[in-house]
Amino acid sequence: MTHATGLERIIQEYVPGKQLSLAHIVASPTRDLYEKLGLSDCHDAIGIITVTPSESAIIAGDQALKSGAVDVGFVDRFSGSVFITGKVSDVYASLESVIYFFENRLHFSITNITKS
């Protein structure tokens with residue numbers, strides 16, 4: 001819409017799809033990173049999951065816990081973020097399980113696991 005001033009106003013709306021858009025492993029994170037994230041216990045790896053709709057983060061956290069020897073360090077049902085911690089192999093197995101569940105049971109679009 002163009003106003004008398006010649007400026008254009010754009011309205012954007014966020015329409016979440018059923019998507020697991022990030023599944024990443026941070027291997028050998030520094031203690032400083034743990035502190036910046038507000039995670040109290042340091043482990044071999046941090047797994048990061050991002051999902052929409054954001055409430056799905058609760059399901060992702062639950063599935064992660066049920067699928068491996070990991071801890072959930074953070075779940076945000078408003079942003080759709082989940083942090084899990086544990087050994088690299090456990091975090092990887094847990095992310096695989098979460099991705100499988102979201103793709104095959106909830107019919108979400110999924111992504112591949114990445115690692116740094």
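Worth saying up front: this structure is predicted, and the values here are computed from it rather than measured. (Residues numbered from 1 in each chain as written. Predicted model: local features only at pLDDT ≥ 70, side-chain atom pairs only at ≥ 80, totals over all residues. Heavy atoms only, no water.)

Q: Go over the environment of Cys42 with me, naming the residues and quoting the values.
A: Here Cys42 lies in the loop between helix H1 (31-37) and strand E2 (45-52). Along the chain, Cys42 and Glu8 lie 34 residues apart, while their C-alpha atoms are 49 Å from each other. The contact partners of Cys42, leaving out residues within four places of it in the chain, are Arg31 and Tyr34. (Helix = DSSP H or I, 4+ residues; strand = E, 2+ residues; numbered from the N terminus. Contact = heavy atoms within 4.5 Å.)

Q: Explain the pairing of E2 to me, using residue names and the numbers behind them.
A: The buried fraction of E2 is high, at six of eight residues. Note that strand E1 (residues 19-27) and E2 share eight bridges and pair antiparallel. Opposite Leu22, over in E2, you have Thr50 as the bridge partner. (Buried < 20%, exposed > 50% of the residue type's maximum accessible area, 1.4 Å probe, protein only. Pairing = 2+ DSSP bridges.)

Q: Tell me what's going on with the environment of Lys36, and back it up with residues and numbers.
A: Inspection of the secondary structure assignment puts Lys36 in helix H1. Once the C-alpha coordinates of Lys36 and Ser67 are considered, the two residues, 31 residues apart in sequence, prove to be 27 Å apart.

Q: Account for the nonpolar core, naming residues and giving values.
A: Inside soluble globular proteins, nonpolar side chains tend to come together where they are buried. One finds Leu20, Ile49, Val91, Val98 and Phe102 to be the most contacted residues of the largest nonpolar core, which totals 19 residues. Among the elements of the structure, E1, E2, helix H2 (56-67), strand E4 (81-86) and helix H3 (88-104) are those that each provide at least two residues to this core. Ranked by residues supplied to this core, first place goes to H3 with six residues. (Core = buried A, V, L, I, M, F, W, Y, C linked by side-chain atoms within 4.5 Å.)

Q: I'd love a proper account of H2, names of residues and values included.
A: Along its 12 residues, H2 runs 17 Å from first to last C-alpha, staying within 8% of the 16 Å computed at 1.5 Å per residue. Packed against the buried residues of H2 are E2, strand E3 (71-76), E4 and H3. (Expected span 1.5 Å × (residues − 1).)

Q: I'd love a proper account of the pattern of salt bridges, names of residues and values included.
A: For the structure on display, the rule yields one salt bridge. The partner of Lys66 in a salt bridge is Asp62, with the nearest N and O atoms 2.9 Å apart. A residue pair is termed a helical-turn pair when its members lie 3 or 4 positions apart in one helix, as Lys66 and Asp62 do in helix H2 at four residues. Asp62 gets classed as partly exposed once you look at its relative accessible area, which sits at 34%. (Salt bridge = Lys/Arg side-chain N within 4 Å of Asp/Glu carboxyl O.)

Q: If you had to explain the sheet that holds E1 to someone new, which residues and values would you point to?
A: Sheet architecture is open: five strands sit in the order E3-E4-E2-E1-E5, paired in mixed fashion. The open sheet terminates on both sides in strands that have one partner only, identified here as E3 and strand E5 (114-115). Examined bridge by bridge, E3 and E4 share five bridges and lie antiparallel to one another. Paired with Asp76 across the bridge in E4 is Ser81. This element, H2, spans E2, E3 and E4 of the sheet and lies at about 175° to E3. Its contacts with the sheet place H3 against E1, E2, E4 and E5, and it is angled at close to 175° to E1. (Axes fitted to C-alpha atoms, helices over the stretch in contact; angles between N-to-C directions.)

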